[in-house]
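# Coordinate inspection notes
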Amino acid sequence: MTLTETNPEAEAVASGDDLRPETEAVAAGDESRPATQSSAPQWTPPTGLAGILSTGDHQVIGRLYIVFSLLLSGLALALGMLIGIEQADIDGGFGVFGQANELFQVFGLYRTTLILCGLVPLFLGLATAIAPRQLSASSVAFPRAAAAAFWTWLVGAIAHIAATFSFGGLGSLEAGAARGQSVELTVLSLGMIGVGLLVGAGVIFTTLVTQRPAGMDLLQMPSFSWSMLVATGVWLFSLPVLLANLVVSWVDMRGADSLRFGGGDAPFEMVAWAFDAPQVYAWTIPLLGITAEVFTAAHRSSPKLFEPMAFIVGAFGLLSFGAWAQSFFDSADPLAQDAHVVTNEVVFTAFALAIALVVLAYGGWLAFNAYSAGERPQITPQFALVTLSGALLTAAAVAGVLRVAEPALGVLREADGDIWRGFFDAMDDLEGSSLVTGMMNFAVLGALLAAVAGLFHWAPALLGRPLNAPLGFLAVLPLAGGAILVGATDALGGFFDQPARPYAAGNPPYGPGHFDEIDALGFVEALNVIGLIGYIAVLGGLALVALNVARSLGGAPMDEAEQGEGA
Amino acid sequence: MADIAVGTPLAAPLPRQRTLLVGTVFGTAASLMYFAALLAVYLRERSDALSDGGEWIPSSANIQLAPPTVAAWTMLMSVVTMQWAVYSIARDDRTHAIMATALTTLFGMSVVVTTSFQYTDMGLVADESIAATLIYVISGSHLAMIGIGLVFLLLMAFRALAGQYSSRQTDGFVAASIYWYAVVFVYVVIWTAIFVLK
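Residues numbered from 1 in each chain as written. Chains lettered and ligands numbered in written order. Predicted model: local features only at pLDDT ≥ 70, side-chain atom pairs only at ≥ 80, totals over all residues.

### Some points on the environment of Ser59(B)
Basically, it comes down to this: We count a stretch as a helix when DSSP gives it H or I for four or more residues in a row; a strand needs E for two or more, and each element gets its number in order from the N terminus.
Structurally, the position occupied by Ser59(B) is in the loop between α1 (19–51) and α2 (66–89). With 65 residues separating them in the primary sequence, Ser59(B) and Leu124(B) have C-alpha atoms 9.7 Å apart.

### Some details on the confidence of the model for chain B
Residue and element names in this part refer to chain B. Heads up, the rule is: What pLDDT reports is the predictor's confidence in each residue, on a scale of 0 through 100. Note on contacts: each residue gets a C-beta atom placed from the backbone, and two residues are in contact if those atoms are within 7 Å.
Scored by pLDDT, chain B has a mean of 90; 92% of the residues are at 70 or more. In the model, residues 1–5 has pLDDT below 50 throughout and makes six contacts with residues more than four positions away in sequence or in other chains. Our summary of model confidence lists the complex with pTM equal to 0.89 and ipTM equal to 0.91.

### Here's the deal with the packing of α2(B) against helix α5 (residues 171–196) of chain B
Residue and element names in this part refer to chain B. Put simply, the rule reads: Throughout, an axis means a line fitted to C-alpha atoms (over the contacting stretch in the case of helices), and angles, computed between N-to-C directions, take values from 0 to 180 degrees. The labels follow the angle: roughly parallel below 35 degrees, roughly antiparallel above 145, roughly perpendicular from 65 to 115, and oblique for the rest. What makes a crossing left-handed is the near helix being turned counterclockwise from the far one by less than a right angle; a clockwise turn instead makes it right-handed. Polar here means any residue outside two lists: the nonpolar Ala, Val, Leu, Ile, Met, Phe, Trp, Tyr, Cys and Pro, and the charged Asp, Glu, Lys and Arg; Gly therefore counts as polar.
Running from N to C, α2 and α5 cross one another at 165 degrees; their axes reach a closest spacing of 10 Å. Taken together, the axes of α2 and α5 are roughly antiparallel relative to one another. α5 is crossed by α2, and the crossing has left-handed handedness. Between α2 and α5, the contacting residues are Pro 68, Ala 71, Ala 72, Met 75, Leu 76, Ser 78, Val 79, Met 82, Gln 83, Ala 85, Val 86 and Ile 89 on the first element and Phe 173, Val 174, Ser 177, Trp 180, Tyr 181, Val 184, Tyr 187, Val 188, Trp 191 and Phe 195 on the second. The class makeup of the residues in the contact of α2 with α5 is 19 nonpolar, three polar and no charged.

### Description of unusual backbone geometry
Residues and elements named next belong to chain A. The condition that has to hold: With C-beta atoms placed from the backbone, a residue counts as buried when 20 or more other C-beta atoms lie within 10 Å of its own, as exposed when 12 or fewer do, and as partly exposed for counts between those limits.
With an omega of -5 degrees, the peptide bond running from Ala 277 to Pro 278 counts as cis. Assignment of secondary structure puts Pro 278 in the loop between α9 (266–271) and α10 (279–282). Even without being a glycine, Ser 136 presents a positive backbone phi close to 60 degrees. Mapped onto the elements of the fold, Ser 136 is located in the loop between α5 (100–134) and α6 (143–165). Look at Ser 136 and you get exposed, because 12 C-beta atoms sit within 10 Å.

### Quick word on the environment of Gly493(A)
Residues and elements named next belong to chain A. Tracing the backbone shows Gly 493 in helix α20 (residues 469–495). Separated by 56 residues in the primary sequence, Gly 493 and Thr 437 have C-alpha atoms spaced 9.9 Å apart. Apart from the residues lying within four places of it in its own chain, the contact partners of Gly 493 are Ser 434, Gln 498, Val 524, Leu 527 and Asn 528.

Structure, rendered in structure tokens:
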């Protein structure tokens, strides 16, 4: 605001007049105001449950996001475990689920819960609590909108899970296999989740753009804040597309007969792009910022060559926008299908290769910082977690490259197929295989590890207390080991033609007939058992983190100055 | 505060935090992406239907170009009145700013009325064809977008009536105008992609 000669505020300041409203002055403890004002009834903020429900405090909202998103991540992992049990005996019919449609419902719910109810809100929670402190701002830009976003997301998440378990889900494999109203509620509640996350992203984006102190430009923000700016920017362009898909689906299923978007498994197919490359990388962008902060802190240095790192994170964000890669943009014309399947397009292949290069460049930046720090890193649980989360992201990028290898290497195959026949055969049909699931699990669980690392790193600012390091190391092993097992077994199963979608319509829907194509069925089932152990391990690791937080809250809080250092 | 002597240089003013503007730009961009996605699905489906040699919009429907064209011109006129409001508030002319906002609101409402008339006139059954479903989704979403824009405009007008905005603080009106221009832009795209191309 520019102060001019006619500015009443400037004149008031110069003349010593106080233009503040009375309530503001009283709240500020200004005793120079007339004594009669102090006799006015003062508003006291509610406490307890009412306080939590009506809070606009960014720290409280951030903590609420973190608590509930961790709980829902645990639920997602439990769902993954159920799918793992089912896949441990592929040719033996159903073990856990009664029919293919139930497996299909849980398959969809695993993805929506893990990513949209677990990972993304966890990052939003960290940002809501930490970003204002990193900018020396008193709060987020729109505190009430932040609270509204949180409650919208939470109610949506609960409704989504409840609707799916009430014979709902994102569509159904066979007519009559799901309850129509529950399917509608599943779709609507997913839309509610999307709206909540979009508003939350808007709050963080606006905070990062407008709440910086004078003199701090965007490239002077801490790495995590920068990564959240890029992430919320990409989510801004992705989540509305998801909402548009859901609205079309919902309107179609409201008609007498679903025409194309609301019938069968179409609602899931409409949103499946959000859980596949390249969009799946978009949900993991803050991983890069957290890794940069924890990594340089462990080396007791500040980030060197920040601008290149900021560019790398920006490029990663740009390449991870994946709303264009949805199967509903494939041509419905059978004659044109080969030419117009999005995942066969050159641009899809180019994006997968480019993302791998960006991840490689980011690894180079980390290595440069480690080298230039000149001393060995301080090994902390968060350092171990970000190192392993970086390895998981790299594994996801490699899986992404292998996935597109078939079309990319088509030219070489035609040139001389005999020499590399075995290699080319292994590359065949990876697009529809469980390698795709492995890639998603590598990326998402890697990002989950990074978020937990952030929790350890910023615990003094978030909880007012540090987390216990030995207990933290104890959690690292199952978290990282389990994530590697889950991703690697899915990825490896893909080379033996295990399908990405472990369900099919028909009778029998899940058993002999649909899995004839799998090579070495016994080996694939053994892989799935190992993957199941991985899910159990990650779940156990999360439980240890929760135990660590509970134990920490029982201890004495740190003083304000130490808490500030945490951010 | 009372002990500041007259003539003491004031501290350097803090840069303005254009919070409302940035938040509105974020919301507007999200709205544009939403419609971009809907129109992408619409055009993809239309292309497939026509390449198969079939019809896109059912022949039983009677989609006239006149009502949406009238609505498009109305929307374009509202751009002028919206900019008039921003121009006026930037010059402390609150009366004209409120009058121009009221006119913009009126134009917006008339588009709602025109669209309602078109719905009853065109005889398109929502669940009869993919085209009908998508047309209702897209135009219905745009009606919702107009509704949000009208609430935004009225809010700014009432705030101006209460003396909130002036030449020193125009953010509310500028933010409302950015959103409103997006509303108009989306309608022009809908007019072209749906009603002109059919």
